[in-house]
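Here is what each chain is made of, one letter per residue.
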Amino acid sequence: MWSFATVRTLAIRELEPLASVIDKLVLARAHGVEQWLRPAFVELCLRPAKLGREEAARLQARPDDVVLVFTIREEIKEGRVPRDDEAVVLARVDSWLTG
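For clarity, every value in this text was computed on a predicted model and none was experimentally measured. Positions within a chain are numbered from 1, following the residues in the order the chain's sequence is written. For this predicted model, a pLDDT threshold of at least 70 governs which residues receive local features, and a threshold of 80 or more governs which side-chain atom pairs are given and counted, while totals over whole chains, interfaces and linings are taken from all residues. The side-chain figures draw on all heavy atoms in the structure; neither hydrogens nor water molecules are used.

Things to note about the pattern of salt bridges
Oppositely charged side chains can pair when the atoms bearing their charge come close.
Then step 1. We count a salt bridge whenever a side-chain nitrogen from Lys or Arg sits within 4 Å of a carboxyl oxygen from Asp or Glu. In the structure shown here, the tally under the stated rule is seven salt bridges.
Then step 2. In this structure, the salt-bridge partner of aspartate 23 is arginine 58, at a minimum N-O distance of 2.8 Å. Residue aspartate 23 is found in helix 2 (residues 21-31), and its partner arginine 58 is found in helix 4 (residues 53-58); the two are separated by 35 residues along the sequence.
Then step 3. The buried label applies to any residue whose accessible area, calculated with a 1.4 Å probe on protein chains only, is under 20% of its type's maximum; exposed applies above 50%, and partly exposed to all values in between. What makes aspartate 23 partly exposed here is its relative accessible area of 24%.
Then step 4. With its nearest N and O atoms 2.5 Å apart, the salt bridge here joins arginine 38 to aspartate 94. Elements are defined by DSSP. Helices are runs of H or I of four residues or more, strands are runs of E of two residues or more, and each kind is numbered from the N terminus.

Dropping the structure here:
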């Protein structure tokens, strides 16, 4: 008999090094890959490049995700959240996701 949990675990493990941060966020939302969700948000918030038009379009199924990224990036830009403190950004992401 097939063990779909094992297939899922294998797929997640094999996709992780190949998937872009946007891929991970989209797949995490679509398939409940919780271990990708928070790190993807943190990476998008901290990376030097802004969220591109195509990336934002891919996230439009979840407009709140786009708002989260833009909000935290704006807080970093304004100096309300430290640019180099991943723990603070993670706390903001957690607060947004649970609030």
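That was the structure; now back to the text.
Thoughts on the side chain of lysine 24
Then step 1. Summarising the element assignment, lysine 24 is placed in helix 2.
Then step 2. Within the buried core, lysine 24 has no salt-bridge partner, and the shortest N-O distance to an opposite charge, that of glutamate 16, equals 4.4 Å.
Then step 3. Contacts are assigned to residue pairs that have any heavy atoms within 4.5 Å of one another. Those residues in contact with lysine 24 that lie beyond four places of it in its chain are Glu16, Ala19 and Trp36. Two residue types count as positive, namely Lys and Arg, and two as negative, namely Asp and Glu; His and chain ends fall outside the count.

What about the environment of leucine 59?
Then step 1. Looking at the secondary structure, you find leucine 59 in the loop between helix 4 and helix 5 (63-77).
Then step 2. For leucine 59, a relative accessible area of 3% translates into the label buried.
Then step 3. When the C-alpha positions of leucine 59 and leucine 10 are compared, they lie 25 Å apart, and in sequence the two are 49 residues distant.
Then step 4. Among residues more than four places away in sequence, those in contact with leucine 59 are Ile22, Leu25, Val26, Leu51 and Val66.

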